[in-house]
Amino acid sequence: MRAAPNPAGRMALNAAAYAVTVFLLLPTLIIIPMSFGPERFLQFPPNGFSMRWYLEYFRDEEWLRATFFSLEAGLISAVGATLVGTLLALALVRGRLPGRGLIELLVVGPVIVPHVALAVAMFLVFEQLRLTGTLLGFAMAHTVLALPFVVFTVLAALYRFDAELERAALSCGAGPVRGFFHVTLPLIAPGVVSAALFAFVISFDEAVVSFFISGLDRKTLPRKMFEDIDYNISPTLAAVATMLTLLTIGALLLGYALKRAMERRAAAAAGEGGDHG
Amino acid sequence: MAEAARHQGGILLEGLVKRFGPVAAIDGVSLAVQPGEFLALLGPSGSGKTSILMTIAGFEFPDAGRVVIGGEEVTWTPPNRRNLGMVFQRYTLFPHMTVLENIAFPLKMRGVARAAREEQARAALRTVRLESYGDRRPAQLSGGQQQRVAIARAIVYRPRVLLMDEPLSALDKNLREEMQIEIKQLQREIGITVVFVTHDQTEALTMADRVAVLDHGRLQQLGAPRALYEAPETPFVARFIGETNFFQGRAGGAASDGALFPVQLDNGAQIHALAVGAIAAGARLTLALRPERLRLAPAGAPGLAAEVREAIYVGNATTLLLRGADGATLRARIPAGAGFSEPAPGEHVTLQWEAGDARAFAAAA
C-alpha cells in the first residue's frame, strides 16, 4: 500500500465520503424527529415533543395486524429460504450437477429481474392459484426473493470451510448426513445464521411484491405504509418507519455480532473444554 | 490383537485403473498388502500413489479393477463403511471440538456409549503420549501434536487398516524423523496394517516393510527397502532410490535374467554386467552403478579412466565428482574412517567395480 501523498487530498477525500454518507442517511434520520411531533401532519422541524403517534400505532388494530402479518411472513420465509438456500449452496459446491449453470442462473434471477416485473409475474400466477392475500403466498414470494442472498452467504461460508474435514468425517465412519450435522453445519453456522437474519430483513422490508399480492385484510407492514401515505399522511407513518429502521438495524447488528462471536470461537483457542459429547 | 482380527487386515488390489480424462492416474496396478504389514507407496507427484490410497479409502472409485480388504470386496463401498483409519496430509482435526471430542468422534459415530468412548479416547490419547491435552482445542497444539491427535483419532476404534497420506510432509525435518520412528513403533505395537503414501524415499526406506515404487500410474517395483536399493528392476527405480551412475551401451551377447554378460559401453570400455531381465544380443542398454560400489585404483590400472573434479566431505563419507574419458560426470563415494586414500581434485584415477554391481537394463525402444 502507498502512503497518503498529501494530507490535504486525504482530508478532501474524507470530507467527500462523509458528505455522501450524510446525504444518504439524512432522509432516514429526518423521519425520526418527525415521528415525535405533536401536530396532526408530518412536519419538519417538529414544534414540540410527543409520543402520541407511537401510542396511536399500538392502539390501531390495522397497524398491528399488518405488523404481525409481516413478522409471520418474515419468519416463515427466513426459515424457508435458509433451508432451501443452504441445501442449494451445498449442492452447487459439493454436487456434480448436470445443469449447474442453469441452476446458478435461476438463483441469481430474482436479483437481476426488475422487482416490478417479478411482482407482476407473481401476481398473475398467484391470482390463478388463489395465493394472493395469503400467508403462504407471501412466504413463497419472499422465500424466492431472499434465496439468492442466502445462497451467496452460505456459498461464501462453504468456500472458507475446509472440505477435507468432510472427508475426515467420512473416514471416521460418519455418513454424509451425520457428517454434515456434526462437522459442516457447526463450522458454517455463522454464515447460515446471518443468512437467515438477512432473509428475514429482506422479507420484512419488501414493498414492491407485497404491493401486488396483498389482500384487503392480509397485507404486510410496508404495504400498509403505502396505503397510509396515500390516504392520511399521519405521523404514525413516521413512527412506524422509525421502528422499522431500528428493527432492521438491530437484526443486522445481531447477525453481525453472532457471526463475529462464532468465528472467534471457531477460529481458535477458547480452550476451557469440559463437556465431551 | 487377536490372531483372527489380524487376519482381516490384508489388502488386495487387482488390475486397478483410474482415468482423469485422457490421463491414467492409475494404470493397471495389482498388489497385495499382508496383514500387519507396513507398505509405503513411493513416487514423484503424479505417479498415482495418492490416487491408489484414495481408492483404498473409498474417496475415489476405479474405472477398472477390484479392491479387496480382509477378504471382502469393497470396490464400491462408501468410505464411511470401510472401517479404515485415515490420517491426512493436513491434520484435518475438527476445529470446533476439543482434542478428546475429536478422538471420540469415530466412536460416537459407531454408537459407543459416552463413558466407554471417553475411556477409549483417553487410552488412544495415551498411546500418542498426549494424555494431558484432551481438553484443548486443535488450534492450541503444535503441528506435530495435531498429527499425533489425528493418528489417535484414526486408531481409536481399532480399524484393520491405517491409511496415511503424506502425514509428515507438513512437519519440519527433526520432528519428521522423530515421528517416523514413533509411527513405526506404534504400528508394531498395535499390529495394524499401514499403507503410507510418501514422495520421500528416505522416509519410505526407514519406515516400510515393503515399498511400492510408482511412476506414471504404473507399479515399477514392489519389494523390501534393501531389494529396491540393491536390485532395482527398472532404471526409474535405480534413479529414484538413492544415487546412481548411468552408462549407455550395447549387449555383446544374449543373456538371461541374472546372468553376467559382456557389454560394450558407448565410451569405448569393455565390461561385464548383470542382466536385469532377458537381454538380446546387440540390444541397447542402460547400465546403473551405485557410487559406493566404485573403487578407486591408480591411473593406468584396468578399468574406467576418470579425473577427479571435486571432493565433497559429508562427514560419514566423501563424495567424489569425476569426469570420465567421454566427459560424463560420475559419482563415487569413499566411506570415512576406513583408511581409503582420498584423491585430490585434478588427480587421474581408474574406477573399478564388481561385474555384478553393474546392472544392465534393456533400453526402452
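Not measured: the values here are computed from a predicted model.

S.K.: Please clarify how the interface of chain A and chain B should be interpreted in this entry.
M.R.: Interfaces are frequently sized by the accessible area removed from exposure as the parts join. On the chain B side, the residues contacting the 29 residues of chain A number 32 residues. Interface of chain A and chain B: buried area, both sides summed, is about 2700 Å²; carbon and sulfur atoms make up 59% of it. Where chain A touches chain B, the interface holds one salt bridge. Arg90(B) is the salt-bridge partner of Asp162(A), the closest N and O atoms lying 3.1 Å from each other.

S.K.: Where do I start with the UniProt feature "domain: ABC transmembrane type-1" (unreviewed entry) in chain A in this structure?
M.R.: Here the UniProt-annotated "domain: ABC transmembrane type-1" (unreviewed entry) positions come out as residues 67-255 of chain A. For residues 67-255 of chain A, the helix share is 83%, the strand share is 0%, and the end-to-end C-alpha distance is 21 Å.

S.K.: What should I look at first to understand the UniProt feature "transmembrane region" (unreviewed entry) in chain A in this one?
M.R.: Residues and elements named next belong to chain A. Under the feature "transmembrane region" (unreviewed entry), the UniProt entry names residues 12-36, 73-93, 105-126, 138-159, 180-213 and 233-258. The annotated region residues 180-213 carries 94% helix and 0% strand content, and the separation between its end C-alpha atoms amounts to 37 Å. Between the C-alpha atoms that bound residues 233-258 there is a distance of 38 Å. The span itself is 88% helix and 0% strand.

S.K.: How should the pattern of salt bridges be read in this particular structure?
M.R.: In a structure, side chains of opposite charge can pair up when their charged atoms sit close to one another. The full count for this structure, using the stated rule, is 30 salt bridges over all chains. Ionic pairing is found between Arg293(B) and Asp357(B), a salt bridge with its closest N-O pair at 2.9 Å. Note that Arg293(B) is positioned in the loop between β14 (284-289) and β15 (295-298) and Asp357(B) in the loop between β19 (348-352) and β20 (359-362), a separation of 64 residues in sequence. What makes Arg293(B) partly exposed here is its relative accessible area of 27%. Here the residues in one salt-bridge network are Glu62(A), Lys219(A), Arg223(A), Lys224(A), Glu227(A) and Asp228(A), joined through shared partners.

S.K.: What exactly am I supposed to notice about the confidence of the model for chain A here?
M.R.: It should be kept in mind that the predicted coordinates are not to be read in detail where pLDDT is low. All names here are of chain A. Across chain A, pLDDT averages 85, with 93% of residues at or above 70. Summarising per-element confidence for chain A, the mean pLDDT is lowest in helix α11 (residues 236-267) (81) and highest in helix α7 (residues 164-171) (94). The low-confidence segment residues 268-277, where pLDDT is below 50, has 23 contacts with residues more than four positions distant or belonging to other chains.

S.K.: Could you clarify how one ought to interpret the side chain of Ser51(B) in this entry?
M.R.: Locating Ser51(B) in the fold gives a position in helix α2 (residues 49-57). Leave out the neighbours within four places in its chain, and Ser51(B) touches Phe20(B), Ala25(B) and Ile26(B).

S.K.: Just checking my understanding: could you explain the environment of Phe44(A) for this structure?
M.R.: All names here are of chain A. One can find Phe44 in the loop between α1 (7-35) and α2 (52-59). A sequence separation of 14 residues divides Phe44 from Ile30, and the C-alpha atoms of the two residues are 7.7 Å apart. If we ignore the near neighbours within four places in the chain, the residues touching Phe44 are Ile30, Pro33 and Met34.

S.K.: Sorry, what's going on with the UniProt feature "domain: ABC transporter" (unreviewed entry) in chain B here?
M.R.: This chain's UniProt record puts "domain: ABC transporter" (unreviewed entry) on residues 11-241 of chain B. The span residues 11-241 of chain B carries 36% helix and 26% strand; its end-to-end C-alpha distance comes to 25 Å.

S.K.: What am I meant to see in the domain arrangement of chain B here?
M.R.: Residues and elements named next belong to chain B. For chain B, the assigned domains are domain 1 (3-234) and domain 2 (243-362). A separation of 39 Å is found between the C-alpha centroids of domain 1 and domain 2. Contacts between domain 1 and domain 2 engage seven residues on the former and six residues on the latter. Between domain 1 and domain 2, the buried area comes to about 580 Å², and carbon and sulfur atoms account for 43% of it.

S.K.: Any chance you could explain the sheet that holds strand β8 (residues 193-198) of chain B here in plain terms?
M.R.: The strands making up a sheet associate through backbone hydrogen bonding, with each pair oriented either parallel or antiparallel. Residues and elements named next belong to chain B. Reading across the sheet, the six strands line up as β6-β7-β8-β3-β9-β10 and stay open at both edges, with mixed pairing between neighbours. Edge positions in the sheet fall to β6 (85-87) and β10 (218-223), since each has one partner strand and no second. Each strand axis lies, on average, 15° off the axis of its neighbour in the sheet, ignoring direction. Of the strand pairs in this sheet, strand β3 (residues 38-42) and β8 are connected by five bridges, and their pairing is parallel.

S.K.: What is the right way to look at the packing of aromatic side chains in this model?
M.R.: Two numbers describe a pair of aromatic rings. These are the distance of the centres and the angle of the planes. This model, assessed by the stated rule, comprises 16 aromatic pairs over all chains. The interplanar angle of 75° and the centroid separation of 5.2 Å between the aromatic rings of Phe180(A) and Phe181(A) together place this pair among those described as edge-to-face. By relative accessible area, which is 51% here, Phe181(A) ends up exposed. Pairing Phe61(B) with Trp76(B) gives two aromatic rings, centres 5.6 Å apart and planes at 20°, and the pair type is stacked.

Calculation rules
Residues numbered from 1 in each chain as written. Chains lettered and ligands numbered in written order. Predicted model: local features only at pLDDT ≥ 70, side-chain atom pairs only at ≥ 80, totals over all residues. Heavy atoms only, no water. Contact = heavy atoms within 4.5 Å. Buried area = accessible area lost by both parts, 1.4 Å probe. Salt bridge = Lys/Arg side-chain N within 4 Å of Asp/Glu carboxyl O. UniProt positions renumbered as here; feature names shortened; annotations may be inferred. Helix = DSSP H or I, 4+ residues; strand = E, 2+ residues; numbered from the N terminus. Buried < 20%, exposed > 50% of the residue type's maximum accessible area, 1.4 Å probe, protein only. pLDDT = per-residue confidence, 0-100. Domains from an automatic or database assignment. Pairing = 2+ DSSP bridges. Axes fitted to C-alpha atoms, helices over the stretch in contact; angles between N-to-C directions. Phe/Tyr/Trp six-rings, centres within 6.5 Å; stacked < 30°, edge-to-face > 60°.

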